[in-house]
Every structure is written in C-alpha cells, then in structure tokens.
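# Commentary on secondary and tertiary structure
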Amino acid sequence: MTCDLGDHTANRRAAALMLHALHGDELGRETVLAEASWCMHCSCGVMSVLAGTALGALRGYADDVDIEDTLARVTARAALAEATMTDPE
C-alpha cells in the first residue's frame, strides 16, 4: 500500500522530526516517526528530505569528496559494529 500525500508532507514531517530532536522532545520525535512509518512511501519521503537537508548543510562546510570520504568511513564503522553485535535471543 502506498499513500498519495506528496512532498509537502515529507517536508513537514522531516522538519518536525528535526525540531523535536533539537529540543530533546522524545515523545514528539516518536510521534512523527510513528506517523511516517505506516507506509514505505512516507518513510522514504522523510528520509529523502533529511538526507537532502543534511547534504545541503554539509556542503556549506566541505566539498563532495570530503563528505563522501567521511560518510564512507561512518558507514564502514557502523557496518563493523553491526556485524559484531550479538543477538540477545
């Protein structure tokens, strides 16, 4: 199932998510995440807006090569940590 809410809804949810995170409002953050997670289209829209916003902000401080290098290191480090995690079950 997909929705037909459009980009404006993804923009609103992404902005609300960032504001709740900025203010340390866990309940608000969880509410936005729950609202956006009911369909893959909504989740992808919010993630796309957040990625675009983050890249836009980073481009004010670094070039694409530096950003790519940093993101590759972060991804590799996270993948290693994820691979070494033990399943609690």
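Scope of this entry: the structure provided in the associated data block. (Residues numbered from 1 in each chain as written. Predicted model: local features only at pLDDT ≥ 70, side-chain atom pairs only at ≥ 80, totals over all residues. Heavy atoms only, no water.)

### Brief notes about helix α1 (residues 7-22)
Keep this limit in mind: Numbering of helices and strands runs from the N terminus, with a helix taken as a DSSP run of H or I at least four residues long and a strand as a DSSP run of E at least two residues long. Here the expected span of a helix is defined as 1.5 Å times the quantity of residues minus one. Buried residues are those whose accessible area, probed at 1.4 Å on protein chains only, stays under 20% of the maximum for their type, while exposed residues exceed 50% and partly exposed ones sit between those limits. To obtain the arc, one takes the directions from the helix axis to the C-beta atoms. Every residue pair with non-hydrogen atoms within 4.5 Å of one another is taken to be in contact.
Taking 1.5 Å per residue, 16 residues should reach 22 Å; α1 reaches 22 Å between its end C-alpha atoms and fits that length. Regarding α1, the residues found buried are Thr-9, Ala-10, Arg-13, Ala-14, Ala-16 and Leu-17. Within α1, the buried residues cover an arc of 165 degrees as seen down the axis, which keeps them to one side. Opposite the buried face of α1, at more than 90 degrees from it, the exposed residues are Asp-7, His-8 and Leu-22. Tucked inside the fold, the buried residues of α1 contact α2 (26-36) and α3 (40-58). One or two positions beyond α1, positive phi appears at Gly-24, with a value near 70 degrees.

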